[in-house]
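Read off the chains here:
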Amino acid sequence: MSFTEVRVLRLAVVTGLALALAVGAASAQEAPFPGDLLKNAAVKAALDGAKASETQTIADQIRFCEIPAPPFKEEVRGRELQRVFEQLGLQNVRVDKVGNVLGDYAGAAQRPRVVIAAHLDTVFPEGTDVKVKREGSVLHGPGIGDDCRGLAVLVAIVREMKKAKVQMPGTVTFVANVGEEGLGDLRGVKELFGATLKDQIDRFVSIDGTGVHVTNVAVGSHRYRVAFKGPGGHSFGAFGLANPIGAMGRAIAKIEEMQVPKSPKTTFNVGRIGGGTSVNSIPFDGWMEVDMRSSDPASLAAVDANFQKAVDAAVAEENQRWAKPGMITVVKELVGDRPAGSTPENSPIVRAGISAATALGFSANLGEGSTDSNIPMSMKIPAITIGGGGRGREAHALSESFDTTDSWMGTQHALLLTVALAQK
Ligand SMILES: [Zn+2]
């Protein structure tokens, strides 16, 4: 995931009565005020269990983290989640075409169907040392927060709801999904919403990363791999050929000059480059990877259009410089396409996310990010991403860490929200 807390929700500091009224009004149609659920003995028992068994949740988090799950190679970790889902008694445990692991917690009816998901994959390549090291309350390990925390909380919800025999009107499908990170390009949730559970998901929550927060704005992104090609030749003998890396340099210079709005925040980055074979050869290729982001679909489309223009103009200039029309060619391959979107602040699912926290005595901030919820948000299906509690640091770095202090708050928050969303 990538996540930024951008706003402290005013609602969270409004008086309790006003909050209850505001949420109560919306809940009549869609989701109840999670605070009311605290009166339910089974729910209360599950919440107490979630706190009491946090040691187990942390042990799961470490175990999942020590099973490598590089991009496109989530299978082994997926099998462990499948085993746990079966052991805990979820129904219809299955693995779909792309490797998502699903299991149902059946309610009185099939609908509403709530999906609670956490992603299996990490950004770390094969061969990364994934052994978790403990230092007091802090766990060190690549992927320990993002998203082994989410997976462990997912399992804790199932475990404690089963133990307390929580009954719900609707059905919850728990999903350990593939392909959230990087070039995985949300392929797990794309499959989930496009095929596996097409038209069957009423509410979606992704537990991704750490802290207690509610992400309701999906930052969209376009990512390209841009390949410049030319004939190449000897640096001295063939001097005068147009140069693919020359064209790429011109393109990068133009991209760096692009103007983007501050609000909605819109960004661009040339993140990787490569090409060529030796210092004394005119290269036959050059390539770069470019990432552009915005929470606003129109701004994302605009920065993308400017990027396309910059690359095309750069190629034309390089060919013109050497009077070699058509010598350098370029292919811009879209390797990442995460749609932008949002779930309104006053929607029942966002209110439920916030009030589940306040009902438990803590608070959750609203934020924006690029997560699995981008897909349902872009489809206007109610969706949020929440944190799994604790405090994460340096996600996506080998030095990633997770502070377990009071991490049970995230487990309780996710559990109460799950039950609240499975109401009529
Ligand atoms: Zn993540």
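Above this text you will find the structure in question.
One structure accompanies this document, and this report is about it.

1. Re the overall build of the chain
When helices and strands are tallied, the chain shows 12 helices and 20 strands. Here the C-alpha atoms of the chain give a radius of gyration of 24 Å, agreeing with the 22 Å that 2.2 N^0.38 yields for 424 residues. Projecting the C-alpha coordinates of the chain onto the three principal axes gives extents of approximately 85 × 45 × 40 Å. Every one of the 424 residues in the chain was classed for burial, and the buried ones make up 54%. Sequence separation of at least 24 residues holds for 81% of the intrachain contacts in the chain that already meet a minimum separation of 6. Element-wise, carbon and sulfur atoms account for 55% of the exposed surface of the chain, whose accessible area totals about 17200 Å². Distance between charge centres in the chain, computed from 45 positive and 46 negative side chains, equals 2 Å.

2. Overview of helix α8 (residues 244-256)
If you check α8, its first and last C-alpha atoms are 18 Å apart, about what 13 residues at 1.5 Å a residue would give, namely 18 Å. Restricting attention to buried positions, one finds in α8 the residues P244, A247, M248, A251 and I255. Seen along its axis, α8 keeps its buried residues to an arc of 100°; they face one direction. In this fold, the buried residues of α8 make contact with β10 (220-229), β12 (266-275), β14 (285-294) and α9 (297-321).

3. Quick notes on the pattern of salt bridges
Taken as a whole and assessed by the stated rule, the structure comprises 28 salt bridges. For E191, the salt bridge identified is with K97, shortest N-O distance 3.9 Å. Of the two residues, E191 sits in helix α7 (residues 187-196) while K97 sits in the loop between β2 (91-95) and β3 (101-105), which places them 94 residues apart along the sequence. Its relative accessible area of 16% is what places E191 among the buried residues. By sharing partners, the salt bridges in this structure join D60, R63, E80, R83, R159, E160 and K163 into a single network.

4. Comments concerning the nonpolar core
If you look at the biggest cluster of nonpolar residues, it comprises 65 residues, and the most contacted ones within it are F85, I116, I157, M161, V166 and F174. Excluding anything up to four places from it in sequence, F85 contacts L90, V93, V101, L102, G103, L154, V155, F174 and A176. Counting 21 residues, the second largest nonpolar core, distinct from the first, contains A242, I255, M258 and V315.

5. Observations regarding the packing of helix α4 (residues 54-65) against helix α6 (residues 148-163)
Here α4 crosses α6 at 135°, and the two axes come no closer than 8 Å. On the basis of the axis angle, α4 is oblique to α6. In this structure, α4 crosses over α6, and the sense of that crossing is right-handed. Judged by residue contacts, E54, Q56, T57, I58, D60, Q61, F64 and C65 of α4 engage C148, R149, L151, A152, V153, V155, A156 and R159 from α6.

6. Some thoughts on α9
Two residues of an α-helix separated by three or four positions point the same way, owing to the 3.6 residues in each turn. Compared with an ideal rise of 1.5 Å per residue, which puts 25 residues at 36 Å, α9 spans 36 Å between its outermost C-alpha atoms and is within 8% of the ideal. Along α9, the positions that sit buried rather than exposed are S299, L300, V303, D304, F307, A310, V311, A314, V315, E318 and N319. Against the buried residues of α9 lie β10, α8, β12, β14 and β15 (329-338). Just past α9, the residue A323 takes up positive phi, approximately 50°.

7. Quick notes on the pairing of β14
Extensive coverage of β14 is indicated by the burial of nine of its 10 residues. In this structure, β10 lies alongside β14, joined through 10 bridges in antiparallel fashion. Paired with F228 across the bridge in β14 is G286. Bridging between β12 and β14 involves nine bridges; their strand directions are antiparallel. Its bridge partner being in β14, T267 is matched across the sheet by R293.

8. Points about the environment of Q423
The topology assignment puts Q423 in the segment after α12 (408-421). C-alpha of Q423 to C-alpha of P112: the two residues are 311 residues apart in sequence and 7.5 Å apart in space.

9. Describing the sheet that holds β12
The pairing of strands in a sheet happens through backbone hydrogen bonds and is either parallel or antiparallel. An order of β12-β14-β10-β15 is seen for the four strands of this open sheet, with the pairing classed as antiparallel. With partners counted over all chains shown, the strands left at the sheet margins are β12 and β15, one partner each. Going across the sheet, the axis of each strand differs from the next one's by a mean of 15°, ignoring polarity. Where α9 meets the sheet, its contacts fall on β10, β12, β14 and β15, and the angle it forms with β10 comes to roughly 10°.

10. Some points on unusual backbone geometry
Going from D146 to D147, the amide bond is cis rather than trans, its omega being 10°. When you line up the elements, D147 lands in the loop between β6 (138-140) and α6. Here the bond from S263 into P264 is cis, since omega is -5°, no more than 30 degrees from zero. Following the sequence through the fold, P264 ends up in the loop between α8 and β12. Of note in this structure, H396 is not a glycine but carries a positive phi near 75°.

Basis of the calculations
- Residues numbered from 1 in each chain as written.
- Predicted model: local features only at pLDDT ≥ 70, side-chain atom pairs only at ≥ 80, totals over all residues.
- Heavy atoms only, no water.
- Helix = DSSP H or I, 4+ residues; strand = E, 2+ residues; numbered from the N terminus.
- Rg over C-alpha atoms; globule rule 2.2 N^0.38 Å.
- Buried < 20%, exposed > 50% of the residue type's maximum accessible area, 1.4 Å probe, protein only.
- Contact = heavy atoms within 4.5 Å.
- Areas by Shrake-Rupley, 256 points an atom, 1.4 Å probe, with all protein chains shown as cover.
- Lys, Arg positive; Asp, Glu negative; His and termini not counted.
- Charge placed at Lys NZ, Arg CZ, Asp CG, Glu CD.
- Expected span 1.5 Å × (residues − 1).
- Arc of directions from axis to C-beta.
- Salt bridge = Lys/Arg side-chain N within 4 Å of Asp/Glu carboxyl O.
- Core = buried A, V, L, I, M, F, W, Y, C linked by side-chain atoms within 4.5 Å.
- Axes fitted to C-alpha atoms, helices over the stretch in contact; angles between N-to-C directions.
- Parallel < 35°, antiparallel > 145°, perpendicular 65-115°, else oblique.
- Left-handed = near helix turned anticlockwise from the far one by under 90°.
- Pairing = 2+ DSSP bridges.

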